[in-house]
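So the chains spell out like this:
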Amino acid sequence: AQSVAQPEDQVNVAEGNPLTVKCTYSVSGNPYLFWYVQYPNRGLQFLLKYITGDNLVKGSYGFEAEFNKSQTSFHLKKPSALVSDSALYFCAVGRRGNMLTFGGGTRLMVKP
Amino acid sequence: DTGVSQDPRHKITKRGQNVTFRCDPISEHNRLYWYRQTLGQGPEFLTYFQNEAQLEKSRLLSDRFSAERPKGSFSTLEIQRTEQGDSAMYLCASSLAMWRTGLNTEAFFGQGTRLTVV
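Below is a short write-up of the structure. Worth saying up front: this structure is predicted, and the values here are computed from it rather than measured.

### Let's talk about the side chain of A:S73
Among the structural elements, A:S73 can be located in strand β9 (residues 73-78). Setting aside residues up to four positions removed in sequence, A:S73 forms contacts with A:C23, A:T24, A:Y25, A:E66, A:F67 and A:N68.

This is the structure:
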């Protein structure tokens, strides 16, 4: 079985500050890891993924994530947060493609 | 192509009625997925198709649920004898997988169908 944990229901950060949204996973074998963002009344939007290769993955809108195998983590980061980044963020682990197991989500609030 | 589209966007039904949702994936995508998302939770995998073949079903997909993708293009998800516990957002996603090249794109999600069972 595979699982994902997002330990923070909400993350608050001031605009211009760096942000981190945490994710840890459990899976047998090599993980396929994803971050998606969900804005109100809009579908899930893909941000980035880790399949293999460089542990630092760069994605859309200036986001990046670092794969840490020893800590089984895949934290989402951005050097400078924008108010428009405020949304619900989901970490997911996949097997055989896109049969994804999602975490419970973390609401990011960026305040001006 | 405007992405994955789902119809209807909202559905209110009385308990015990049958409902059917439609998903139109991105046209060249050969894989199609259904997920369910309840309030305050992450999406949960229900089932997926490779072309017209339904290759995997979650244990969440009870006998009252049936999904089809008859021509390998659009898909329908039917829920029979709806229960209040079926109230959720039903998300469809699609992706392109090509084994010969190793290509497997990420899943692109539609906006979902919100079902309310009263």
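### A closer look at the packing of aromatic side chains
If you walk through the whole model with that rule in mind, you get 15 aromatic pairs over all chains. Both rings, one in A:F102 and one in B:F109, keep their centres 6.2 Å apart while their planes meet at 75°; by these two values the pair is edge-to-face. Placement of the pair is A:F102 in strand β11 (residues 99-102) and B:F109 in strand β12 (residues 108-109), with the two residues belonging to separate chains. Sitting over the ring of B:F74, B:R22 keeps its end group 3.9 Å from the ring centre.

### Concerning the state of the cysteines
Chemically, a disulfide is nothing more than a covalent bond linking the sulfur atoms of two cysteines. Throughout the structure, instances matching the rule amount to two disulfides over all chains. Covalently, A:C23 is tied to A:C91 through a disulfide, its sulfur atoms 2.0 Å apart. One quick way to see it: the torsion about the S-S bond of A:C23 and A:C91 is about -60°, and its sign makes the bridge left-handed. You can see A:C23 sitting in the loop between β3 (19-21) and β4 (24-26) and its partner A:C91 sitting in strand β10 (residues 87-95), a full 68 residues away along the chain. Covalently, B:C23 is tied to B:C92 through a disulfide, its sulfur atoms 1.9 Å apart. Between B:C23 and B:C92, the S-S dihedral sits near -70°, and the bridge is therefore left-handed. Taken together, the residues B:C23 in strand β3 (residues 19-24) and B:C92 in strand β9 (residues 88-95) connect sequence positions 69 residues apart. Pair check on accessibility: B:C23 and B:C92 agree, each one buried.

### What to know about the pairing of β10(A)
Residue and element names in this part refer to chain A. Most of β10 is tucked away, with eight of its nine residues classed as buried. Alignment of strand β5 (residues 32-38) against β10, held across seven bridges, turns out to be antiparallel. From the neighbouring strand, F34 faces β10, where its bridge partner is A92.

### Re the sheet that holds β3(B)
Residues and elements named next belong to chain B. Taken in spatial order, the four strands line up as β1-β3-β8-β7 in an open sheet, and their pairing is antiparallel. In this open sheet, the two strands that pair with only one neighbour each are β1 (5-7) and β7 (65-68). This sheet shows a mean twist of 15° between the axes of neighbouring strands, independent of strand direction. Looking at chain direction, β3 and strand β8 (residues 75-79) are connected through five bridges and run antiparallel. Across the sheet, T20 pairs through a bridge with E78, a residue of β8.

Cut-offs and rules
- Residues numbered from 1 in each chain as written.
- Chains lettered and ligands numbered in written order.
- Predicted model: local features only at pLDDT ≥ 70, side-chain atom pairs only at ≥ 80, totals over all residues.
- Heavy atoms only, no water.
- Helix = DSSP H or I, 4+ residues; strand = E, 2+ residues; numbered from the N terminus.
- Contact = heavy atoms within 4.5 Å.
- Phe/Tyr/Trp six-rings, centres within 6.5 Å; stacked < 30°, edge-to-face > 60°.
- Lys NZ or Arg CZ within 6 Å of the ring centre and 35° of its normal.
- Disulfide = S-S within 2.5 Å.
- Buried < 20%, exposed > 50% of the residue type's maximum accessible area, 1.4 Å probe, protein only.
- Pairing = 2+ DSSP bridges.
- Axes fitted to C-alpha atoms, helices over the stretch in contact; angles between N-to-C directions.

By themselves these figures say nothing about function.
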